[in-house]
Amino acid sequence: SNQLEDMMQIIDENGYGVKESCGLHFHVTKISGIQENNLVYLTEYFKENFTELSKRDKTKLNRWAKFHTRNIETEFLTKSMIDDCVSRERYSAINISNRSTIEFRFFSGTMDYLELMARYEMIYNMNEYALENEITDLKNKKNNFIAIIQ
């Protein structure tokens, strides 16, 4: 047990929690434009996976954490498409409008410690992948989602 887990348990035991409308946001430090582009690319390319993992109602997801690409299954993302479809709006699945951080907005809120840590680990690993790899062609790598986030 650790302090965060203990705190979450105390909050839960005292009848507090997370409203259905709450979202969970993660911020990572912006290090480079390549990192930013890679994270946008990965988030948009694997939007179906993230939509499912978000555990958010689609209406709320579209309002507070919208994905911008149209048909991910048939449309291969190019850098120019990312530039065209990703606005610098705050309410995007991945918000790049902050000056010094990249914000992931698509998860529902949770008071489940293991779920929180799994989501944190997923974002951490995806950021590490984005920093360490040139993401130029994922067209035939749809099954690599698990490899990227582990």
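Read on for an overview of the structure. This structure is a prediction, so every number in the text was calculated from the model and none was measured. (Residues numbered from 1 in each chain as written. Predicted model: local features only at pLDDT ≥ 70, side-chain atom pairs only at ≥ 80, totals over all residues. Heavy atoms only, no water.)

## What about the pattern of salt bridges?
When charged atoms on two side chains of opposite charge get close, those side chains can pair. Scanning the model with the defined rule gives four salt bridges in all. The closest approach of N and O atoms between Glu36 and Lys30, which form a salt bridge, is 3.2 Å. Measuring nitrogen to oxygen at the nearest pair gives 3.0 Å for the salt bridge that ties Glu115 to Lys55. Here Glu115 is found in helix 6 (residues 113-132), whereas its partner Lys55 is found in the loop between helix 3 (47-54) and helix 4 (58-64), with 60 residues between them in sequence. Among the residues examined, Lys55 registers a relative accessible area of 57% and is labelled exposed. Salt bridges sharing common partners tie together Lys55, Glu115 and Arg119. (Salt bridge = Lys/Arg side-chain N within 4 Å of Asp/Glu carboxyl O. Helix = DSSP H or I, 4+ residues; strand = E, 2+ residues; numbered from the N terminus. Buried < 20%, exposed > 50% of the residue type's maximum accessible area, 1.4 Å probe, protein only.)

## Considering the packing of aromatic side chains
Evaluation of the coordinates by the stated rule reveals six aromatic pairs. Between the aromatic rings of Phe26 and Phe107, the centroid separation amounts to 5.9 Å while the plane-to-plane angle is 85 degrees, which identifies the pairing as edge-to-face. Of the two residues, Phe26 is situated in strand 1 (residues 23-29) and Phe107 in strand 3 (residues 101-108); the sequence distance between them amounts to 81 residues. In terms of burial, Phe26 and Phe107 fall into one category: buried. Taking the centre distance of 6.3 Å and the plane angle of 90 degrees together, the rings of Phe104 and Phe106 count as edge-to-face. Owing to a relative accessible area of 0%, Phe104 belongs among the buried residues under this scheme. Members of the aromatic cluster, connected to one another through ring pairs, are Phe26, Phe50, Phe104, Phe106 and Phe107. (Phe/Tyr/Trp six-rings, centres within 6.5 Å; stacked < 30°, edge-to-face > 60°.)

## Regarding helix 6
Taking 1.5 Å as the rise per residue, helix 6 with 20 residues should run 28 Å; its terminal C-alpha atoms sit 28 Å apart, in good agreement. Residues of helix 6 that are buried include every one of Tyr113, Glu115, Leu116, Arg119, Met122, Ile123, Asn125, Met126, Asn127 and Ala130, and no others. Between a side-chain oxygen at the N-terminus of helix 6 and the backbone nitrogen of Leu114 the separation is 3.0 Å; the capping residue is Asp112. (Expected span 1.5 Å × (residues − 1). Polar contact = N/O pair within 3.5 Å; in protein donor to acceptor, adjacent residues only side chain to side chain.)

## Here we look at the pairing of strand 1
Taking every second residue as pointing to the same face, the buried face of strand 1 carries Leu24, Phe26 and Val28, while none of Gly23, His25, His27 and Thr29 on the other face is buried. With six bridges joining them, strand 1 and strand 3 adopt antiparallel strand pairing. By the bridge assignment for strand 3, His27 is matched with Glu103. (Pairing = 2+ DSSP bridges.)

## Regarding the nonpolar core
Counting 28 residues, the largest nonpolar core has Leu39, Phe104 and Phe106 as the members making the most contacts within it. Sorting the residues of this core by element identifies strand 1, helix 2 (33-45), strand 3 and helix 6 as the ones contributing at least two each. Of all the elements, helix 6 adds the most residues to this core, at six residues. Here Phe104 is in contact with Leu24, His25, Phe26, Val28, Leu39, Thr43, Ala93, Ile94, Ile123 and Met126, once residues within four sequence places are set aside. (Core = buried A, V, L, I, M, F, W, Y, C linked by side-chain atoms within 4.5 Å. Contact = heavy atoms within 4.5 Å.)

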